[in-house]
Amino acid sequence: MRKGYLRKMPSDPSATAFANPNIAFIKYWGNRDEALRLPVNGSISMNLDGLFTRTTVSFQPSLPFDELIVNGHDVTGPGLERVSAILDLIRGMARIEEQAEVISENNFPSGAGIASSASAFAALALAAGKAAGLELSERELSRLARRGSGSAARSVPAGFVEWRAGTSDEDSFAFSIAPPEHWALADCIAVVSAVHKKTGSTEGHALAGTSPLQAARVEDAPRRLDICRRAILERDFEALASAVELDSDMMHAVMMTSSPALHYWQPASLAVMQTVRQWRGDGIPACYTVDAGANVHVVCPEKEAQEIATRLRGIAGVTDVLTARAGGPAKLLEKNLGD
Ligand code: DP6
């Protein structure tokens, strides 16, 4: 970049933001464009209140390179490169050259198997944009977060969120379809495995197209999205439950039939899924969904969550249960708050 086009740094080039992770009701699995993270299908999720990533970004003229500290540990290599790629986009938009220090913390245990990339890249986009002096809309922030991790696009807006696949970088972003208070749902996360997963989502997305079932999954996605969106808007738990379970099972069918095959379920995952189906048959409102890991997210009305969490703890192989309600949007934090 030519110096003449560079802007002066803002007087205080640092900002702190926080964001919740989210659980997808209709899953994102597979990209049309890996570099831009343009998904093959739209997705719908709920933010998870109480669980969060908090990230401080400060652009510093004295730094030779970007630095990343996550939960007190220096991160280098691919983890840092992924963050620097987002900082580069922001530097380009703000016309600044300074490198940044990024300090990030998750309040949920990394062993709990909840993907932190959604909350991490949502908080990074918001903090870095602000620190660089940019005034970005929710849509622009969602697009930026998407470039770091697809599911992070959905952690920018509040509550129940839809990410339209779109056709390009410009129109692939997430937006809120209902605020968190619209429907008192909870996610009881049954932790069944602390084993580190072998294949992460990014590698998994690249394999999705090798499954002969992926085309059918993608073709049927608009129908599942419609059912899920309507179920949320009408607070229809039965309709939500069957769409959520079908969508999770279809994604895992694709994963299991990819080359190489990805098997994320553990015996205890299956035990939880079967038990949840049994409960629903007995009139208890609960449904399951599983991401690219072994833990089972059990979605239920908030008033049932305590009872369901207690029951889940009683299933052999469940080592812990974390409960979260529907969460708000990614937010900037005032200086020194929560330090
Ligand atoms: C199974 O957003 O984690 O959780 O874009 O490579 O970071 P990257 O992938 P990621 O994929 C999420 C996959 C999923 C389903 C979902 O959250 O929609």
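Residues numbered from 1 in each chain as written. Predicted model: local features only at pLDDT ≥ 70, side-chain atom pairs only at ≥ 80, totals over all residues. Heavy atoms only, no water.

*Asks:* Any details on the overall build of the protein? Residues and values, ideally.
*Replies:* In terms of helices and strands, the protein carries eight helices and 16 strands. By the compact-globule yardstick of 20 Å for 339 residues, the protein fits well, its C-alpha radius of gyration being 20 Å. In terms of overall dimensions, the protein has a C-alpha envelope of 70 × 40 × 40 Å along the principal axes. Considering only residue pairs separated by 6 or more positions, the protein has 76% of its internal contacts joining residues 24 or more positions apart. Accessible area of the protein: about 14,800 Å², with a carbon and sulfur share of 54%. When the 34 basic and 40 acidic side-chain charges of the protein are each reduced to a single mean position, those positions are 3 Å apart. (Helix = DSSP H or I, 4+ residues; strand = E, 2+ residues; numbered from the N terminus. Rg over C-alpha atoms; globule rule 2.2 N^0.38 Å. Contact = heavy atoms within 4.5 Å. Areas by Shrake-Rupley, 256 points an atom, 1.4 Å probe, with all protein chains shown as cover. Lys, Arg positive; Asp, Glu negative; His and termini not counted. Charge placed at Lys NZ, Arg CZ, Asp CG, Glu CD.)

*Asks:* Explain the sheet that holds strand β2 (residues 22-26) to me, using residue names and the numbers behind them.
*Replies:* One open sheet holds the four strands; their spatial order is β2-β5-β10-β11, and the pairing between them is antiparallel. This sheet does not close on itself; its edge strands, each paired only once, are β2 and β11 (174-178). Sheet twist, expressed as the average angle between the axes of neighbouring strands with direction ignored, equals 35°. Across four bridges, strand β10 (residues 160-163) lies against β11 in antiparallel orientation. (Pairing = 2+ DSSP bridges. Axes fitted to C-alpha atoms, helices over the stretch in contact; angles between N-to-C directions.)

*Asks:* Could you give an account of the sheet that holds strand β8 (residues 73-75), with specific residues and numbers?
*Replies:* Taken in spatial order, the six strands make up an open sheet running β8-β7-β9-β6-β1-β16, and their pairing is mixed. Edge strands, defined here as strands with exactly one partner in the open sheet, are β8 and β16 (331-333). Taking the axes of each pair of neighbouring strands and ignoring which way they run, one obtains an average angle of 25° across the sheet. Judged from the three bridges that link them, strand β1 (residues 14-19) and β16 form a sheet pairing that is antiparallel. Pairing of Ala17 across the sheet is with Leu332, part of β16. Against the sheet, helix α1 (residues 78-94) makes contact with β6 (53-60), β7 (67-70), β8 and β9 (99-106), and its axis sits at roughly 125° relative to β9, the strand it touches most.

*Asks:* Go over the site of the ligand, please, and point to the residues and values.
*Replies:* The full set close to the ligand counts 17 residues, and Arg82, Ser149, Gly150, Ser151 and Thr202 are the nearest of them. The contact in question runs from an oxygen atom of the ligand to an N or O atom on the side chain of Arg37, over 2.7 Å. Summarising the interface, the protein chains cover 96% of the accessible area of the ligand, which totals 460 Å² for the free molecule. Tallied by class, residues from the shell around the ligand come to five nonpolar, seven polar and five charged. Per-domain counts for the shell around the ligand show at least three residues from each of domain 1 (9-179) and domain 2 (182-325). (Near = heavy atom within 4 Å. Polar contact = N/O pair within 3.5 Å; in protein donor to acceptor, adjacent residues only side chain to side chain. Nonpolar A, V, L, I, M, F, W, Y, C, P; charged D, E, K, R; others polar. Domains from an automatic or database assignment.)

*Asks:* Could you give me a rundown of the environment of Val296, with the residues and numbers involved?
*Replies:* Following the sequence through the fold, Val296 ends up in strand β14 (residues 296-301). The buried category is assigned to Val296, whose relative accessible area is 0%. Counting along the chain gives 181 residues from Val296 to Ala115, while the straight-line C-alpha distance between them is 13 Å. (Buried < 20%, exposed > 50% of the residue type's maximum accessible area, 1.4 Å probe, protein only.)

*Asks:* Go over the domain arrangement of the protein, please, and point to the residues and values.
*Replies:* Domain annotation of the protein identifies domain 1 (9-179) and domain 2 (182-325). The centre of domain 1, based on its C-alpha atoms, is set 24 Å off from the matching centre of domain 2. Counting residues at the interface gives 31 residues for domain 1, matched by 45 residues for domain 2. For the pair domain 1 and domain 2, the summed buried surface comes to about 3,000 Å²; carbon and sulfur atoms form 67% of the total. Three residues stand out in domain 1 for area buried against domain 2, namely Phe25, Lys27 and Trp29, and they jointly supply 29% of the buried area on that side. (Buried area = accessible area lost by both parts, 1.4 Å probe.)

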